[in-house]
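Results of the structural survey
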Amino acid sequence: MSSPEAKSPLHAMSIDVEDYFHVAALSGVISAEQWGSLPSRVEQNTERLLELFDNHNVKATFFVLGWVADRFPQLIRKLADHGHEIASHGYSHQLIYNQSQETFREETLRSKKLLEDIIGLEVNGYRAASYSITKDSLWALDILSEAGFTWDSSIFPIRHDRYGIPGSPSVPYSIETANGNIMREFPLTTASVMGMAIPAAGGGYFRQFPYPVFRYLFRNASGFGDRPQMFYLHPWEIDPDQPRYSDASWFSRFRHYTNLDRCYDRLERLLQDFRFGTVSESYNAFDSDKTLLPSNQMIRLA
Ligand SMILES: [Zn+2]
């Protein structure tokens, strides 16, 4: 087993703890009302990830969906007991820019308190469902900071049909929110190839590109070892035996089902090729002067 280069940066390993039926790509064929009656696989899949990280001595950040925490509190407690960082993935997995500010505030407070009651620690980090903090929902950063969150990892510096603020920074930075609070932001990874921003953060991109291509893009994004990057995966992405929805669109099936059977082994290779820690560890280890951007400037960028 090769070990990661000692001088490589400490990248952030993150898992969005949700079930296969919570995913936006399948929302056209599975309604939120059905969730409670579907066979859940999130606990067993998350346990497999926990074991893999423990075997490789890697601490990760788990962004837990409130819906999952409500049903599997013992799983969340176990993750925290093993030294992993617990952060919030909201409660209902609805896209923020489709929610009212009142609904978002209510579910943000509810999901934060739920996790804190389970683990007995303060929860400071947040990731939006489907990275849905965009120029249309920057108000979410105000609500997050008022709720006591100090850092976020929801902003993808790319153009995409569901998310992204193109032109926003591709390394950890800080945002001054409209109400004057400071929110630390750890953006999702993009590589730069021939002047184009290519997503290289994990998830579907990790499964669809051949592993050596993904590894190259992740190295490229880190400036070939200069700066930390964000990796993410979902528990269902290592589960080829999950129920399949053949009535979803071709594109949704491609996004959701490609290479599920190869993903676990690829993740193990990734853990051998790079150094990983929690989001907070990685952010704090990155000691170059972090940019501070006022949120109104983020709007101009988009
Ligand atoms: Zn999610």
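Keep in mind that what you see is a predicted model, and the values were worked out from it rather than measured.

1. Regarding the overall build of the protein
Assigned secondary structure in the protein consists of eleven helices and twelve strands. For the protein, whose C-alpha radius of gyration is 18 Å, the value lies close to the compact-globule estimate of 19 Å for 302 residues. Within the protein, buried positions represent 58% of all 302 residues. Pairs at least 24 apart in sequence give 76% of the contacts found in the protein among residues at least 6 apart. Working note: accessible area of the protein is about 12,500 Å², and carbon and sulfur atoms make up 48% of it. For the protein, the centre of its 29 positive side-chain charges and the centre of its 37 negative side-chain charges are spaced 5 Å apart.

2. What about a nonpolar patch on the surface?
A surface patch of nonpolar side chains, about 330 Å² in accessible area, is lined by Trp-250, Phe-251 and Phe-254. On the basis of relative accessibility, which here comes to 40%, the residue Phe-251 falls in the partly exposed class.

3. A few points about the packing of helix 3 (residues 73–81) against helix 4 (residues 101–119)
Put simply, helix 3 and helix 4 touch, their axes get as near as 9 Å, and they point 65 degrees apart. Taken together, the axes of helix 3 and helix 4 are roughly perpendicular relative to one another. Crossing angle aside, the handedness with which helix 3 passes helix 4 is right-handed. For the pair helix 3 and helix 4, the contacting residues are Pro-73, Ile-76, Arg-77 and Ala-80 in the first and Leu-115, Ile-118 and Ile-119 in the second. Of the residues contributing to the contact of helix 3 with helix 4, the split by class is six nonpolar, no polar and one charged.

4. Comments concerning the packing of aromatic side chains
The relative placement of two aromatic rings is captured by the distance of their centres and the angle of their planes. Scanning all chains against the criterion turns up 27 aromatic pairs. Taken together, a centroid distance of 6.4 Å and an interplanar angle of 25 degrees make the contact between Trp-250 and Phe-251 stacked. Relative accessible area serves as the criterion here: at 57%, Trp-250 is assigned to the exposed category. By the ring-pair criterion, three or more aromatic residues cluster together here, those being Phe-206, Tyr-211, Phe-214, Phe-218, Phe-231, Phe-274 and Phe-276. Across from the ring centre of Tyr-91, 3.8 Å away, lies the NZ or CZ of Arg-110, which sits over that ring. Directly above the ring of Tyr-283 sits Arg-184, whose terminal nitrogen or CZ lies 5.0 Å from the centroid.

5. Here we look at the coordination of the zinc ion
Protein coordination at the zinc ion: the donors are Glu-18 (OE), His-89 (NE2) and His-93 (NE2), at 2.0 to 2.1 Å from the metal. When the donors of the zinc ion are listed by position in the chain, the intervening gaps give E-x70-H-x3-H. Of the two residues, Glu-18 is situated in the loop between strand 1 (10–17) and helix 1 (42–55) and His-93 in the loop between strand 3 (85–88) and helix 4; the sequence distance between them amounts to 75 residues.

6. A look at the pairing of strand 1
Summarising burial for strand 1: eight of the eight residues are buried, a large majority. Residue alternation in strand 1 divides its side chains into two sets, Leu-10, Ala-12, Ser-14 and Asp-16 and His-11, Met-13, Ile-15 and Val-17, and both sets are buried. Here strand 1 pairs with strand 11 (residues 275–277) via three bridges, running parallel. Looking across to strand 11, one finds that His-11 is bridged to Phe-276. Strand direction decides the pairing type here: strand 1 and strand 10 (residues 230–233), joined by four bridges, are parallel.

7. Here we look at the pattern of salt bridges
According to the stated counting rule, one finds nine salt bridges in the structure shown. A salt bridge links Arg-127 to Asp-16; the nearest nitrogen and oxygen atoms lie 2.9 Å apart. Of this pair, Arg-127 sits in the loop between strand 4 (125–126) and helix 5 (139–146) while Asp-16 is found in strand 1, placing the two residues 111 residues apart along the sequence. The two residues Arg-127 and Asp-16 agree in class, both being buried. A salt bridge links Asp-273 to Arg-215, with the shortest nitrogen-to-oxygen separation between them at 3.1 Å. Taken together, the residues Asp-273 in helix 9 (residues 260–273) and Arg-215 in helix 7 (residues 211–221) connect sequence positions 58 residues apart. Note on Arg-215: relative accessible area 22%, which makes it partly exposed.

8. Describing the environment of Arg-244
For Arg-244, the location among the structural elements is in the loop between strand 10 and helix 8 (250–257). Residue classification places Arg-244 among the partly exposed residues on the basis of a relative accessible area of 47%. Separated by 130 residues in sequence, Arg-244 and Leu-114 place their C-alpha atoms 31 Å apart. A polar side-chain atom of Arg-244 sits 2.9 Å from the main-chain carbonyl oxygen of Pro-240.

About the criteria used
- Residues numbered from 1 in each chain as written.
- Predicted model: local features only at pLDDT ≥ 70, side-chain atom pairs only at ≥ 80, totals over all residues.
- Heavy atoms only, no water.
- Helix = DSSP H or I, 4+ residues; strand = E, 2+ residues; numbered from the N terminus.
- Rg over C-alpha atoms; globule rule 2.2 N^0.38 Å.
- Buried < 20%, exposed > 50% of the residue type's maximum accessible area, 1.4 Å probe, protein only.
- Contact = heavy atoms within 4.5 Å.
- Areas by Shrake-Rupley, 256 points an atom, 1.4 Å probe, with all protein chains shown as cover.
- Lys, Arg positive; Asp, Glu negative; His and termini not counted.
- Charge placed at Lys NZ, Arg CZ, Asp CG, Glu CD.
- Patch = residues over 30% accessible without salt bridge, like charges linked within 9 Å, V, L, I, M, F, W, Y side chains within 5 Å.
- Salt bridge = Lys/Arg side-chain N within 4 Å of Asp/Glu carboxyl O.
- Axes fitted to C-alpha atoms, helices over the stretch in contact; angles between N-to-C directions.
- Parallel < 35°, antiparallel > 145°, perpendicular 65-115°, else oblique.
- Left-handed = near helix turned anticlockwise from the far one by under 90°.
- Nonpolar A, V, L, I, M, F, W, Y, C, P; charged D, E, K, R; others polar.
- Phe/Tyr/Trp six-rings, centres within 6.5 Å; stacked < 30°, edge-to-face > 60°.
- Lys NZ or Arg CZ within 6 Å of the ring centre and 35° of its normal.
- Donors = N, O, S within 2.8 Å, 3.2 Å for Na, K, Ca; no water.
- Pairing = 2+ DSSP bridges.
- Polar contact = N/O pair within 3.5 Å; in protein donor to acceptor, adjacent residues only side chain to side chain.

That's the geometry; what it means functionally is another story.
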